Each structure stands twice: as C-alpha cells, then as structure tokens.
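# Working through the structure, step by step
Read off the chains here:
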Number of protein chains: 2
Amino acid sequence: MKIIESLKNDWVKQIKKLEQKKHRDQQNRYLIEGEHLVEEAIAFNAPVESFIITESALTTHISLVEKMDVEKIIQVTDDIMKHISGLPSPQPVAAIVEKNIAEIKLASATRLLLLDNVQDPGNVGTMIRTADAAGFDAVILGEGTADIYNSKVVRSMQGSQFHIQIEEADLLKKIDELKQSSVTLYGTELNEEAISYQEINKDHKLGIILGNEGQGVSREVLENTDYNVYIPMKGQAESLNVAIAAGIIMFSV
Amino acid sequence: MKIIESLKNDWVKQIKKLEQKKHRDQQNRYLIEGEHLVEEAIAFNAPVESFIITESALTTHISLVEKMDVEKIIQVTDDIMKHISGLPSPQPVAAIVEKNIAEIKLASATRLLLLDNVQDPGNVGTMIRTADAAGFDAVILGEGTADIYNSKVVRSMQGSQFHIQIEEADLLKKIDELKQSSVTLYGTELNEEAISYQEINKDHKLGIILGNEGQGVSREVLENTDYNVYIPMKGQAESLNVAIAAGIIMFSV
C-alpha cells in the first residue's frame, strides 16, 4: 500500500487530468468512484490499476478493502479525494481502471445497440445500462457520441461497461460488417414512414440504431439499414427521450 | 405590448424569484422557455399570463409572435432575459404560465402513472413526457417527488403538462380513492418476488406506481397495491433507471 498526502504529487496531477477526454485517451485509463462501481470492477475482473481510498475508508469499508489487491491500494487524504473527484460529495473509495474498448466478438453476438451521435452523457450511460439489463451483447458508439469514459457516462452506466462489450466505430463501416455476419439492422425514425418496432423479427440476430437527441439517426445511416422502425404513440407528445425509446425497443426484442 | 428595460423593475424581480418553489407556489405561476414550449402552450390553450420576448425576436420569430395575444406581450432586453432564464444560453422567447394542478377526473381515466418520492427532476419530467406519449390520462405526484414546475422538470416534460392531467396528492389516500373507482393498482419492485409486468391485465383501468431512485416504491405503498410487478432482466445490470422502467411498462399496457 502506498500513501500520498500532497496535492502537488505528480500522480495526483495525472489523475486530476483524467477529467478530460484527451488525457483519458493518452493515459488509456479512467476514474470510477464509489463503493458500488469499485465492487463491480472487482467482481467482473476489470483491469484495475489502482484502488484509491481515504484513511477513514480503511475502517468504514473493511469488507471491500479486503477484496482489493493490497499492492494496488493508494491511500490519499480527503483533500486529494475531493480534488480528483467529479462529485459534489466525493466518495471514500475510487479506482483507476484501464480503458477496455475493443472490437466486439461478432460471432457470438445476437443483440447489438448502435448509437449514432447521441450527445448527452446521461443518455449514453443509461442506454448502455439498459442494453446490459435487456441482455444485449454489445454497444457500438458511432461518431459524435459522448465518450464512454466521461464521468457522467460512467456514473449512469452503473458498472455495465464491465458486463457487456463496447466498441467505438465508424457506423457505416460497422453496418456493412454486421450485415455480412447476418445481423438484421433496424434504424429508428421519429415519423410514421417506418414500420412499428413491434414488427421486429426476434428470431434473427439484430442491431438497433438510435440517434441524436434532436435530429435522430442520420439520413445516411437510415439508408443503409435493413428496416427502419418507429414507436407508435397514443398521446400528444411529439417524441420520446432517446434513452426511453431505446429501452422500450430493447425490452421488446 | 409593454416594454421593460430595467433589471431593477419590480416585475423582473418577481419573475426571477420563480426559480424557487416557494415563490412559484406563492405566485401560482411558472416560467417556460423557448419556442417549442411557448408554441405548445398556445396550441393547447394553456393559461398564459404573459409572453416574454426580446426585441430581436419580434423579427426572428414573427409567426410565433403573431399567435400571441398582443396585450400579453412584454418585450425585455437581452440582459433581462438572461437574468430570469435558467438556461446557459437564454432563448429569445419565454412565457409565464399559471400553475394548473387540479384533481384529476377519475371517471374518464383508464391509465394513470403514480410517482412515489421520485427525486430527480429529469426523471420526473421524462416520465410525464413518456406517460403522455403512451396515451396515459394522468400523472399523480406523491410526497417527496420533484416539483413539476422546477425548471428542469419543465424542460424534460417538453410541454406534456399541457396535454395530460397532473395532480399532487397523498399517495395512500389516492390509492384508496382509485380502488373505489375500479382502478387496479400495480406497484413496481426491484426483486423477483413480484409478478412480471407482462402479466398486467390490460383490459382493466390501471395505475402504475414507480418509486424513488434508490429505495424504489415505499413498503407502505407496496402493501396497499393490488399487485406488484417487476421487469425480468436477462443481463447482469442490477436495476434499470426509474424512467426507463416506467417507459417499458407504460408502453406494454
């Protein structure tokens, strides 16, 4: 176990920089905060580089600390925890985890979620969590989609990044590849030119594409799908939040 | 049309106070911002007290301005709009609308959503918007639930408060009343002691109860429902976001 007490320590400065995507990319790692996420990382053998704990957590979180590889523990002051945290009330336990985005294994995947330029981090995180809950195998993040290791995405995912495969890709290229693997692709549209999502053929491998909060799925992507679906609405709301739409469709297939 | 140019004007001070629930309650009105919400308010005959526009909006938003009752228009400076707005980039058009929470008409309601201590404004707003889209008749907000006229709730609702009935009530009392009106009540649980939401009987009038983000629906409420349901999950996520769960259930009935 290592103890760091100075805010000016070089490691502290590096960790603080992980708030920015540029530095997460350069350092190939990101921060997770709180007991639940650290538990999940351990339970699912995530590539944890270091566990960060405050001195008081050594007594308040004994059972969690006992699960940690002691050589990876870094004890920090409350001030350091506050400094590196993205939360209004910092947690006493955090961890640095290696980024784990890799090409998904297509052979075994039967349910995929594809995101086209979904910009809100809360939406992206919630959609990954929902894909996980629905038993989807993988999520593919297209251009313009919020960075999966953004702190808000990480909080909304609630650890689902440790359960399912996630890949960043050029959607049009990926769509071609998926079609060659016999995955039927469904774009989502806001209008009724499309077919109802209830007509999706559940017997096939399938990929569902959700799009930008304002514009929806791009025209170019919609033109390259097998089918485009919409959610029939009985009420007077003009549209659904994209994460809600994703949840309704994913839980229907 | 009235023109107000001073930040120190009394009306400006009163409107600024609407950021706080206490003052929204006292003044019995709230602020809506942006073209879309103002359009919706006009289209659905919401009780608009004043339309607030910047000078430039008089030319950039002619067709919307033409729909406004000219006696209700208050033209303000960009500085005033920025001062009263809750948005990082204030919109050129806003309105003050009377609060419109009233007891729902039970006789005609066949689908109701009840919220028990749902605290996140984004979740509450999204759930009301989703209830609207799903063709629900009413939403009942129980104790501890975010104020419907909170600016974040208003933004997430996207105008659905103009389409469906909304009431604030003591949930236990309301549940009794609903049962007397032959509404079958379904609580939602996180565990598998409940029945699957797919077993909900769609032929009856029904009320779906969703609960707090962390604790779910309170024990006391769950004990007073007709049935409690859960959403079977195929993946490894432990739970769903409450607004996603609400969307899946509401679109299944």
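Think of each chain on its own: its residues are numbered from 1, step by step along the sequence as written. Each chain gets a letter, beginning with A, and each ligand a number, beginning with 1, in the order they are written. Note on the predicted model: pLDDT of at least 70 is required for a residue's local features to be given, and 80 or more for side-chain atom pairs to be given and counted; whole-chain, interface and lining totals, by contrast, use all residues. Side-chain calculation: all heavy atoms of the structure are included, whereas hydrogens and water are not.

Note the threshold: UniProt positions are given in the numbering used here, feature names are shortened, and annotations may be inferred rather than shown by experiment.
By the naming in an unreviewed UniProt entry, chain A goes by RNA methyltransferase and is assigned to Vagococcus hydrophili. Database annotation for chain A, UniProt heading Sequence similarities (unreviewed entry): "Belongs to the class IV-like SAM-binding methyltransferase superfamily. RNA methyltransferase TrmH family."

## Observations regarding the environment of A:Glu35
All names here are of chain A. We count it as follows: Here a helix means four or more residues in a row that DSSP labels H or I, a strand means two or more in a row labelled E, and each is numbered from the N terminus. Residues count as neighbours in contact if any of their non-hydrogen atoms are within 4.5 Å of one another. As used in this structure description, the phrase polar contact means that two N or O atoms lie within 3.5 Å; if the pair is within protein, one of them must be able to donate a hydrogen and the other to accept it, and residues adjacent in sequence are counted only when both atoms belong to side chains.
With respect to the helices, strands and loops of the structure, Glu35 is situated in helix H3 (residues 35-43). Not counting the four nearest positions on each side in its chain, Glu35 is found in contact with His61 and Leu64. In this structure the side chain of Glu35 is engaged in a polar contact, spanning 3.3 Å, whose partner is the side chain of His61.

## Let's talk about the sheet that holds strand S12 (residues 227-230) of chain A
Residue and element names in this part refer to chain A. Spelled out, the test is: Only strands that DSSP links by at least two bridges are regarded as paired with each other.
Spatial ordering of the open sheet is given by S8-S7-S6-S11-S9-S12-S10, a layout of 7 strands whose pairing is parallel. Strands with a single pairing partner mark the edges of an open sheet, and in this sheet they are strand S8 (165-168) and strand S10 (195-196). Relative to S12, S10 runs parallel, the two sharing 2 bridges. By the bridge assignment, Ile195 is partnered in S12 with Val229.

## Observations concerning empty space enclosed by the protein
This is how it is decided: The rule is simple: put a 1 Å grid over the protein atoms alone, call a set of points where a 1.4 Å probe fits but cannot get out a cavity, call an open set with protein on both sides within 12 Å along at least five of seven lines a pocket, and count a residue as lining if it has an atom within 4 Å of a point. Grid points are joined across faces, edges and corners, and a volume is the space filled by probe spheres set on the points. Any residue outside Ala, Val, Leu, Ile, Met, Phe, Trp, Tyr, Cys, Pro, Asp, Glu, Lys and Arg is labelled polar, Gly included; the first ten of those are nonpolar and the last four are charged.
In total, this model carries 1 cavity of 30 Å³ or more according to the counting rule given. Space inside the largest cavity adds up to approximately 60 Å³. If you trace the largest cavity, you find it lined by A:His36, A:Glu40, A:Arg129, A:Met157, A:Gln158, A:Ser160, A:His163, B:Gln236, B:Ala237, B:Glu238 and B:Ser239. For the lining of the largest cavity, a count of residues per class yields 2 nonpolar, 6 polar and 3 charged.

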